[in-house]
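Here is what each chain is made of, one letter per residue.
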Amino acid sequence: MTTETEIDKQCRARAGVYRVEDAPQGVLRRVFRLPDIKVRCRTQAADEPPMFARPRFGRDPREISGALGDLGTFLPHIIGAITVVGMAPAGILTTFGLFYAFSGAFYGLPIAIQPMKAASAAVLIEPMDTHSIAGAGLVIGLFFLIVGATGLVDRIARIIPPTVAAGLQLGLGLSLAALGIELLSEHLWLGLGICALILVMLRNSRLPAALAAVVVGVIAGQVFGESPPFPDLELGLHLPPIVIPSWEQILHGTQYAVLPQIPLTLTNAIIVTAAVTRELFPREVHAVTERNLSLTTGIGNLLAAPLGGYPMCHGAGGVTGHYRFGARTATAPLLIGLTFVALGVLLGDGGFLLLQLVPDAVLGALLLFSGIDLAQSSKPQRYRDEELFIVLTLAAIGVALNPAIAFAIGLPLAYAAQRGWLRL
């Protein structure tokens, strides 16, 4: 039987892990009363109280690289919202940054914040203005606040079979990888070069692969004319605009952005994000649950919408992207969050122009690696026969159509397989 001393030794082999009673009294812990993240070691039973903890905010330099791991899902949608609709960069960047920093501090993990993708499609296709987008954000926020507060989202999560979650996760990973290939193919030579750089740097887990990819990509874009010229920047104070939609604008945003977005957010941003987080951080005793993800999504959108914010949610691909490039604690979302706030408040339009310097090929490379990791973490090899068929079918539907349709088709298939009605 493993003794407490042996458990102690094995746990302390993890950098930054210490006994709960030895928790350091740092400034953040004293001022904000943020407890550290408890860790249950592999040699401890599942029902045994965790004896160890790790800092909520880590000091590993890889957190800087990990903070950039989800730029590929952020920039393309935000560029569309600003250039097509004319949304104020100060509002989008500031609210995104605050939501990012808050989520990191609350969860203690590299939880991502992403633009809502169905809303982005509506922005590009339908005649949407800033007030209609704000109306959509208010309705989405209220919906997820209610389903989280009432516990309805937990009931939905409990009835979803593992094969459905795995199929959605696999499809999302493949979709992200495909989008990454599409983006990097626009400047193929640069995209392949960035991919090669990332591959080499990922061989050493201590190297900041994402940070190097962004820096090298921006320099290459400037040298070879693959990105806009470096802008003239002026520091100032750029406060987010106040946007109050009318009832007609709320109804317009609900019709075109909310109705198609809710099932996507429910599946990918809440259910699959919770599953992926449990997979990546199996020993941490954290607050990432379907209910909490729904609550923070609701609160974040309700606060951001009147300040010119964009509809936002968490994301499984974002968590994987941050993790893939080195993020393990709340430091990564705090860093990228504060960066967005600084770009929005201090530079305004200039902050947006700075972000445009990152070539699409770099964003595509980051998405490609994140998508592959997310697809692999679904572990389809665990399933056989009817279950494997369901996982692969849902993944294919998710890639070809969207995850919401895959969910609607996959749920009855999974229940049919459980009752023996589906045989292969």
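Coordinates for the structure precede this section.
Residues numbered from 1 in each chain as written. Predicted model: local features only at pLDDT ≥ 70, side-chain atom pairs only at ≥ 80, totals over all residues. Heavy atoms only, no water.

Engineer: Tell me about the pattern of salt bridges, and please be specific about residues and values.
Structural biologist: Under the counting rule described, the total for this entry stands at 5 salt bridges. Note that Arg 54 is salt-bridged to Glu 284, the shortest N-O span being 3.5 Å. On the criterion of sequence distance, the pair formed by Arg 54 in strand β3 (residues 52–54) and Glu 284 in strand β5 (residues 284–285) is long-range, its members being 230 residues apart. By relative accessible area, which is 6% here, Arg 54 ends up buried. With a closest N to O distance of 3.1 Å, Arg 62 and Asp 60 form a salt bridge. The class for Asp 60 is partly exposed, based on a relative accessible area of 21%. (Salt bridge = Lys/Arg side-chain N within 4 Å of Asp/Glu carboxyl O. Helix = DSSP H or I, 4+ residues; strand = E, 2+ residues; numbered from the N terminus. Buried < 20%, exposed > 50% of the residue type's maximum accessible area, 1.4 Å probe, protein only.)

Engineer: Please provide a residue-by-residue account of the sheet that holds β3, values included.
Structural biologist: The strand order β1-β3-β2-β5 describes an open sheet built from 4 strands, whose pairing is antiparallel. Taken across any chain shown, the strands that pair with only one partner, and hence form the sheet edges, are β1 (18–19) and β5. (Pairing = 2+ DSSP bridges.)

Engineer: Just give me the short version of the side chain of Ser 377, but keep the residues and values in it.
Structural biologist: In this structure, Ser 377 sits in helix α17 (residues 360–377). Side-chain polar atoms of Ser 377 contact the backbone oxygen of Leu 374, separated by 2.8 Å. Excluding residues that lie within four positions of it along the chain, Ser 377 makes contacts with Gln 169 and Glu 279. (Polar contact = N/O pair within 3.5 Å; in protein donor to acceptor, adjacent residues only side chain to side chain. Contact = heavy atoms within 4.5 Å.)

Engineer: Go over helix α18 (residues 385–400) with me, naming the residues and quoting the values.
Structural biologist: Look at α18: 22 Å from first C-alpha to last across 16 residues, which is about the 22 Å you get at 1.5 Å a residue. Among the residues of α18, Glu 386, Ile 390, Val 391, Thr 393, Leu 394, Ala 395, Ile 397 and Gly 398 are the ones counted as buried. Buried residues belonging to α18 abut α9 (162–184) and α19 (403–418). (Expected span 1.5 Å × (residues − 1).)

Engineer: If you had to explain helix α15 (residues 331–347) to someone new, which residues and values would you point to?
Structural biologist: With 17 residues, α15 should cover 24 Å at 1.5 Å per step; its first-to-last C-alpha distance of 23 Å lies within 8% of that length. For α15, the full list of buried residues reads Thr 331, Ala 332, Pro 333, Ile 336, Gly 337, Phe 340, Val 341, Leu 343, Gly 344, Val 345 and Leu 347. Structurally, α15 contributes buried residues whose contacts are with α3 (62–67), α4 (71–85), α5 (89–107) and α16 (349–355). The positive-phi residue at the C-terminal boundary of α15 is Gly 348, with phi of around 60 degrees.

Engineer: How would you explain the nonpolar core if you had to name every residue and give the values?
Structural biologist: Core analysis: the largest hydrophobic core is formed by 99 residues, its most contacted members being Phe 96, Ile 198, Tyr 310 and Phe 340. When residues in this core are grouped by element, the largest group, 11 residues, is from helix α12 (residues 247–280). Residues Ala 166, Leu 170, Ala 375 and Val 391 belong to the second largest nonpolar core, which totals 6 residues. (Core = buried A, V, L, I, M, F, W, Y, C linked by side-chain atoms within 4.5 Å.)

Engineer: How would you explain the packing of aromatic side chains if you had to name every residue and give the values?
Structural biologist: By the definition in use, this model includes 8 aromatic pairs. When the ring of Tyr 100 is compared with that of Phe 340, the centres are 6.3 Å apart and the planes differ by 50 degrees; the resulting orientation is tilted. Of this pair, Tyr 100 sits in helix α5 while Phe 340 sits in helix α15, and the two are 240 residues apart along the sequence. Judged by its relative accessible area of 3%, Tyr 100 is buried. Between the aromatic rings of Phe 102 and Phe 106, the centroid separation amounts to 6.0 Å while the plane-to-plane angle is 10 degrees, which identifies the pairing as stacked. Residue Phe 102 and its partner Phe 106 are both found in helix α5; the two are separated by 4 residues, about one turn of the helix. (Phe/Tyr/Trp six-rings, centres within 6.5 Å; stacked < 30°, edge-to-face > 60°.)

Engineer: I'd love a proper account of the side chain of Thr 329, names of residues and values included.
Structural biologist: Locating Thr 329 in the fold gives a position in the loop between α14 (316–324) and α15. From its side chain, Thr 329 meets the backbone nitrogen of Gly 58 in a polar contact 2.9 Å long. A polar atom in the side chain of Thr 329 sits 3.2 Å from the backbone nitrogen of Thr 331. The contact partners of Thr 329, leaving out residues within four places of it in the chain, are Arg 54, Pro 55, Arg 56, Phe 57, Gly 58, Glu 63, Gly 108, Leu 109 and Pro 110.

Engineer: Talk me through the environment of Ser 378; I want residue IDs and the actual numbers.
Structural biologist: Looking at where Ser 378 falls in the secondary structure, it is placed in the loop between α17 and α18. Once the C-alpha coordinates of Ser 378 and Phe 99 are considered, the two residues, 279 residues apart in sequence, prove to be 27 Å apart.

Engineer: An account of a nonpolar patch on the surface is requested, with residue identities and associated values reported.
Structural biologist: A cluster of nonpolar side chains, contributed by Trp 189, Val 215, Ile 219, Val 223 and Phe 224, occupies part of the molecular surface with about 530 Å² of accessible area. The greatest single-element share of the nonpolar patch, amounting to 3 residues, is contributed by helix α11 (residues 209–223). Residue position: Val 215 is located in helix α11. (Patch = residues over 30% accessible without salt bridge, like charges linked within 9 Å, V, L, I, M, F, W, Y side chains within 5 Å. Areas by Shrake-Rupley, 256 points an atom, 1.4 Å probe, with all protein chains shown as cover.)

Engineer: So what's going on with unusual backbone geometry? Which residues, and what values?
Structural biologist: With glycine set apart, most residues show a phi of negative sign, and most peptide bonds adopt trans. Backbone geometry at Lys 379 places phi at a positive 50 degrees, although glycine is not the residue there. As for its placement among the helices and strands, Lys 379 is situated in the loop between α17 and α18. On the basis of relative accessible area, Lys 379 is assigned to the partly exposed category, the value being 30%. Located in the positive-phi region is Asp 385, a residue other than glycine, with phi close to 55 degrees. Looking at the element boundaries, Asp 385 is found in helix α18. With a relative accessible area of 55%, Asp 385 lands in the exposed category.

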